[in-house]
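Spelled out from the first residue to the last, the chains are:
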Amino acid sequence: MVPEAPVAGFGYTRPAPTAPARMSNQDADPTTTQLTLLSSGPRRGAPRSACVVVIHGDGLGKRADIHDHPVVIGRSQEADLHIPHKSVSRRHCEIRRVGDEYRLRDLGATNPTRLNDQVVVEAVLGDGDHITVGETILKFISHSSVEALYHEEVYQLATHDPLTELCNRRHFAELADKEIARALRHGRPLVLCIVDVDLFKPVNDRFGHIAGDGVLRQIAAILRGLVRGEDIAARIGGEEFAVLLPETGLEAARRFAERLRKAVEAETFLLGNEPHRLTVSVGIARLSPERGDRSRLMQAADAALYRAKDEGRNRVRVEP
Ligand SMILES: Nc1nc2c(ncn2[C@@H]2O[C@H](COP(=O)(O)OP(=O)(O)OP(=O)(O)O)[C@@H](O)[C@H]2O)c(=O)[nH]1
């Protein structure tokens, strides 16, 4: 969210009967009660054939599917199942598929890996086995089952925003840290966009929070339709979204943000049975050595977003 800024070029115009109307600060009715309508829940994925799930300790609900490549579990950002706890070694253990078997191997961890409470160097896993990694306990699930579905659902609930079904703030932070570490290590470009709905408070105040929630869902759907598979889209605040674009330079990111801005501008939002127009502002910043962590990258994108708001909203601004 961005502090109140003067509205340039967005003065209130009474909606023509058929033309979609724009929101303005003057629509505010401070008596509206806050209420959030939950969706039927995050999108559910199909159960995986074999996976390992954190059932106790740091990273609860986190899951890694085991396909053809070994799954490394550890404290390193680069681990496939990243457990950021001091009791876990950077590369603690790995699970790999060998034919029809799944094998667990300790990778020389300071706190040795334990399988069903026994120290283990290498062992074949069975369905339901418990793997202890530092102070975290994981469960191995070998095939599609009701339990795998249950863990899938717990994981989705822990990592996704129920209203928009985008990643939630906490999950975004985790994924972003991982992508930032990877981009820095390999010298790859990475850009963060922060997207904020313009004049959203008047929507809530005039039409109620349920209508406001509908707007957030509609904007999230537009966002989802525009991002690539490797991009990470999240709802990080009330009416604030973030999109992390790996392998993307500033110009490509600006084009993406413009596409998003224009798509929202062109969208019709039905509020109180009348068509309305809404807009978003976008702040963009790219990863650089001076901005080499999530917090500084977000600060820079926020500063650009602030300028976009300050200069009249419905625009994209890039932090140099
Ligand atoms: N419907 C709904 N509203 C929310 C939710 N979370 C936050 N909000 C509202 O979002 C609004 C944000 O308002 P402001 O930060 O003042 O921003 P704005 O009116 O969009 O103005 P600018 O950002 O300056 O363009 C507040 O009215 C919050 O109550 C939510 O989950 N659902």
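As the structure is a computational prediction, the values presented were derived from the model and not from experiment.

> Where do I start with the overall build of the protein in this structure?
For the protein, the helix and strand inventory stands at six helices and 19 strands. Looking at the protein residue by residue over its 320 residues, the buried ones come to 37%.

> Sorry, what's going on with the sheet that holds strand S18 (residues 280–286) here?
Hydrogen bonding along the main chain pairs the strands of a sheet, whether they run parallel or antiparallel. Overall, mixed pairing links the five strands, which are arranged S14-S15-S13-S18-S19 in an open sheet. Of all strands in the sheet, those with a lone pairing partner are strand S14 (232–237) and strand S19 (316–318), marking the two edges. Mean inter-strand twist for the sheet, computed between neighbouring axes without regard to direction, equals 20°. Contacts from helix H6 (residues 294–310) reach strand S13 (190–197), S18 and S19 within the one sheet, and its direction differs from that of S18 by about 145°.

> Can you walk me through the domain arrangement of the protein in this structure?
By convention, interface size is frequently given as the accessible area that disappears when the constituent parts associate. With domains assigned, the protein is organised as domain 1 (50–158) and domain 2 (169–318). Centre-to-centre, using C-alpha coordinates, domain 1 lies 33 Å away from domain 2.

> Help me understand the UniProt feature "domain: FHA" (unreviewed entry) in the protein in this model?
According to UniProt, the feature "domain: FHA" (unreviewed entry) maps to residues 71–120 in the numbering used here. In the segment residues 71–120, helix accounts for 0% and strand for 44%; the C-alpha atoms at its two ends are 17 Å apart.

> Explain the UniProt feature "domain: GGDEF" (unreviewed entry) in the protein here, please?
Residues annotated in UniProt with the feature "domain: GGDEF" (unreviewed entry) correspond here to residues 188–320. The span residues 188–320 carries 45% helix and 29% strand; its end-to-end C-alpha distance comes to 18 Å.

> What should I look at first to understand the pairing of strand S2 (residues 51–56) in this one?
Regular strands have side chains that alternate between both faces of the sheet. Strand direction decides the pairing type here: S2 and strand S3 (residues 63–65), joined by three bridges, are antiparallel. Looking at the pairing, valine 53 lines up with arginine 63 of S3. Here S2 folds back onto S3 in antiparallel fashion, the turn holding six residues, of which glycine 57 has a positive phi close to 95°.

> Can you walk me through the packing of helix H4 (residues 209–226) against helix H5 (residues 250–266) in this structure?
How two helices pack is summed up by the angle between their axes together with the distance between the axes. Two numbers describe how H4 lies on H5: the axes approach to 10 Å, and their chain directions differ by 145°. Judged by the sense of rotation from one axis to the other, the crossing of H4 with H5 is right-handed. Contacts between H4 and H5 pair Ile219, Ile222, Leu223 and Leu226 from the former with Phe256, Arg259, Leu260, Ala263 and Val264 from the latter. Here the residues of the contact of H4 with H5 sort into eight nonpolar, no polar and one charged.

> I would appreciate a short explanation of the sheet that holds strand S11 (residues 130–133) in the present structure.
Read across the sheet, six strands follow the order S3-S2-S12-S11-S8-S9 without closing on themselves; strand pairing throughout is antiparallel. Either end of the sheet is taken by a strand with one partner, and the two such strands are S3 and strand S9 (118–119). Strand direction decides the pairing type here: strand S8 (residues 114–115) and S11, joined by two bridges, are antiparallel. Bridging from a neighbouring strand, arginine 114 pairs with threonine 132 of S11. With respect to the sheet, helix H1 (residues 146–159) is in contact with S2, S3 and strand S12 (136–141), its orientation differing from that of S12 by roughly 135°.

> Please explain H1 as it appears in this structure.
Think of an α-helix as turning once every 3.6 residues; residues three or four places apart then point the same way. An ideal rise of 1.5 Å per residue puts 20 Å on 14 residues; H1 measures up with 20 Å between its terminal C-alpha atoms. Listed in full, the buried residues belonging to H1 are Ala148, His151, Glu152 and Tyr155. Seen end-on, H1 carries its buried residues on one side only, within an arc spanning 105°. Close packing links the buried residues of H1 with S2, S3 and S12.

> For this particular structure, what's the right way to read the environment of asparagine 111?
Residue position: asparagine 111 is located in the loop between strand S7 (101–106) and S8. C-beta crowding within 10 Å serves as the criterion here: with 16 such atoms nearby, asparagine 111 is assigned to the partly exposed category. Spatially, the C-alpha atom of asparagine 111 lies 43 Å from that of alanine 253, the residues being 142 residues apart in sequence. Residues within four places of asparagine 111 in sequence aside, it is in contact with Ser87 and Gly134.

> Explain unusual backbone geometry to me, please; I cannot follow it from the model alone.
Where the residue is not glycine, phi is negative for most of them; where a peptide bond is considered, it is trans in most cases. Phi is positive for asparagine 116, close to 45°, though the residue is something other than glycine. Tracing the sequence through the fold places asparagine 116 in the loop between S8 and S9. Of the residues examined, asparagine 116 has 13 C-beta atoms within 10 Å and is grouped as partly exposed. Here asparagine 314, not a glycine, exhibits a phi torsion of approximately 50°, which is positive. For asparagine 314, the location among the structural elements is in the loop between H6 and S19.

About the cut-offs
- Residues numbered from 1 in each chain as written.
- Predicted model: local features only at pLDDT ≥ 70, side-chain atom pairs only at ≥ 80, totals over all residues.
- Helix = DSSP H or I, 4+ residues; strand = E, 2+ residues; numbered from the N terminus.
- Buried ≥ 20, exposed ≤ 12 C-beta atoms within 10 Å, placed from the backbone.
- Pairing = 2+ DSSP bridges.
- Axes fitted to C-alpha atoms, helices over the stretch in contact; angles between N-to-C directions.
- Contact = placed C-beta atoms within 7 Å.
- Domains from an automatic or database assignment.
- UniProt positions renumbered as here; feature names shortened; annotations may be inferred.
- Left-handed = near helix turned anticlockwise from the far one by under 90°.
- Nonpolar A, V, L, I, M, F, W, Y, C, P; charged D, E, K, R; others polar.
- Expected span 1.5 Å × (residues − 1).
- Arc of directions from axis to C-beta.

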